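So you can see what is in the structure, the chains are spelled out below.
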Amino acid sequence: MTHSDKPTPLRSRASGPLTGKVRVPGDKSISHRALILGALAVGETRITGLLEGEDVLNTAKSMQALGATVERTGDFAWKVNGVGVGGFAEPKAALDFGNSGTGCRLVMGAVAGCPISAVFDGDASLRSRPMRRILDPLEKMGAKVVSGGEGGRLPLTVQGARDPLPITYKTPVASAQIKSAVLLAGLAAPGTTTVIESEASRDHTELMLKHFGADITSVQEGRHGRRITLVGQPELHGANVVVPADPSSAAFPIVAALIVEGSDVVLSDVMTNPLRTGLFTTLREMGASIEESEVRGDAGEPMAQLRVRASKLRGVEVPPERAPSMIDEYLVLAVAASFAEGTTIMRGLQELRVKESDRLEATADMLRVNGVKVTVSGDDLIVEGRGHVPGGGTVATHMDHRIAMSALVMGCASDQPVTVDDTAFIATSFPDFIPMMRSLGAEFS
Ligand SMILES: O=C(O)C1=C[C@@H](OP(=O)(O)O)[C@@H](O)[C@H](O)C1
Ligand SMILES: C=C(OP(=O)(O)O)C(=O)O
């Protein structure tokens, strides 16, 4: 999906208390996986609560291009009829994943196990992101990169394996995208495929594979790691998937409610898988009032209603081993840290450099142009909170949805308004962000 060349800036200024109850859109990670596993299963998959953001819609299109039947049956309700493990058809045109690392990398894994060739492409942001981390294990499984850019950059052509090999693979960094690509390729291989990670990353692929009928086990490995074993060539059956609300999207109204005095906001159905809730743990350590109720689960994914009230926050140190459980939330945590009293040190953030933008530098710039004292030291981010933020800056979003949303949240409570240069990329993960925040009382103009 391409965006118009004309940027759409927006200004956020201090508002009165934010109040109300909202449901943020469906979880992006689970939405991608439901479409992909639906396409690899035999029979019908019904998905409700799917995130209808650009990233996920690009994955839906790619599943269609690979031969699955994908239909929208109502608001956030989708039906997929799959082709079976190993059954993808060769796509006629390049698969365009737009801004989405997850869509691109997971589908690369799924394609690697099929005897077809496919061209993978994306926007300028995705074209700059590393794909070698995915291609390395997929080549060990028998896939080939027929053509590609410098250092494994998109666009590139993958020739899937006719006879994929099962492997045991230790991921070089904690990445659910690497793990998932190997497991999805491993579906088509005989025997068992094993992934070992020294820090556990989000486990939605494992939980959903089990839900679709695969034989998959996950046991602890070392202090923080996991060993995941998948038995190849299962018959995946279609399944019903209820997508809970995305905690990474909920993070924005949550931080806004914490920093705007007098706020009281309720968020329903927020997924609370412990491998995704590092931000909530950290905010609570900072003194945030976040109450959970209506705790329940579906297909192994727990969810809860969260009530968030404005709170006095204090600086904390966030340990590096927490990073995988909040990797997409450091930008908005840095905003919360700017409004806290005292220094917040976030350690071990090297992976932030290879997201939609270099998020370590972009986050530091976002704070700096708004008068917050911030240092990047190696892979650590150090924010000196002073209880208030001067604001008044214009933030460069660098084709990165989470920078745009974090900056707009910052403006909700800063002394002077905060402007973002382009809001277009918010549509990749949270299409209703602007109206939803306005419905709570945010002043965007
Ligand atoms: O598997 C997933 O759904 C995701 C994994 C994470 O990326 P990495 O695997 O690169 O850490 C995360 O940043 C991304 O937003 C979604
Ligand atoms: C990193 C992200 O997504 P992806 O890797 O799928 O582009 C994100 O949504 O913050």
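- In the nomenclature of an unreviewed UniProt entry, the protein corresponds to 3-phosphoshikimate 1-carboxyvinyltransferase from the organism Bradyrhizobium betae.
- You can read under Subcellular location (unreviewed entry) in the UniProt record for the protein the words "Cytoplasm".

## Let's talk about the UniProt feature "active site" (unreviewed entry) in the protein
Then, number 1: The feature "active site" (unreviewed entry), as given by UniProt, occupies D328 in the numbering adopted here.
Then, number 2: With respect to the helices, strands and loops of the structure, D328 is situated in the loop between strand 18 (317-318) and helix 10 (330-339).
Then, number 3: Contact partners of D328, with chain neighbours within four places excluded, come to R202, S248, K355, R359 and R402.

## So, the packing of aromatic side chains
Describing an aromatic ring pair means giving the distance of the ring centres and the angle of the ring planes.
Then, number 1: Going through the model one piece at a time under the given rule, you end up with 4 aromatic pairs.
Then, number 2: Here F252 and F433 contribute two aromatic rings whose centre-to-centre distance is 6.1 Å and whose plane-to-plane angle is 80°, an arrangement assigned as edge-to-face. With F252 in helix 8 (residues 247-259) and F433 in helix 13 (residues 433-440), this pair connects stretches of sequence that are 181 residues apart.
Then, number 3: Aromatic rings pair up to connect F252, F430, F433 and F444 into one cluster.

## Brief notes about the sheet that holds strand 10 (residues 168-170)
Consider a sheet: its strands pair through backbone hydrogen bonds, and that pairing is either parallel or antiparallel.
Then, number 1: In spatial order, the strands read 10-11-13-12; together these 4 strands make up an open sheet with mixed pairing. The sheet is open, and its two borders are formed by strand 10 and strand 12 (216-221), each paired with just one other strand. Ignoring strand direction, the axes of neighbouring strands in this sheet form an average angle of 15°.
Then, number 2: Inspection of the sheet shows strand 11 (residues 192-197) paired to strand 13 (residues 225-231) by 6 bridges, in the antiparallel sense. Pairing of T194 across the sheet is with T229, part of strand 13.

What counts and what doesn't
Residues numbered from 1 in each chain as written. Chains lettered and ligands numbered in written order. Predicted model: local features only at pLDDT ≥ 70, side-chain atom pairs only at ≥ 80, totals over all residues. Heavy atoms only, no water. UniProt positions renumbered as here; feature names shortened; annotations may be inferred. Helix = DSSP H or I, 4+ residues; strand = E, 2+ residues; numbered from the N terminus. Contact = heavy atoms within 4.5 Å. Phe/Tyr/Trp six-rings, centres within 6.5 Å; stacked < 30°, edge-to-face > 60°. Pairing = 2+ DSSP bridges. Axes fitted to C-alpha atoms, helices over the stretch in contact; angles between N-to-C directions.

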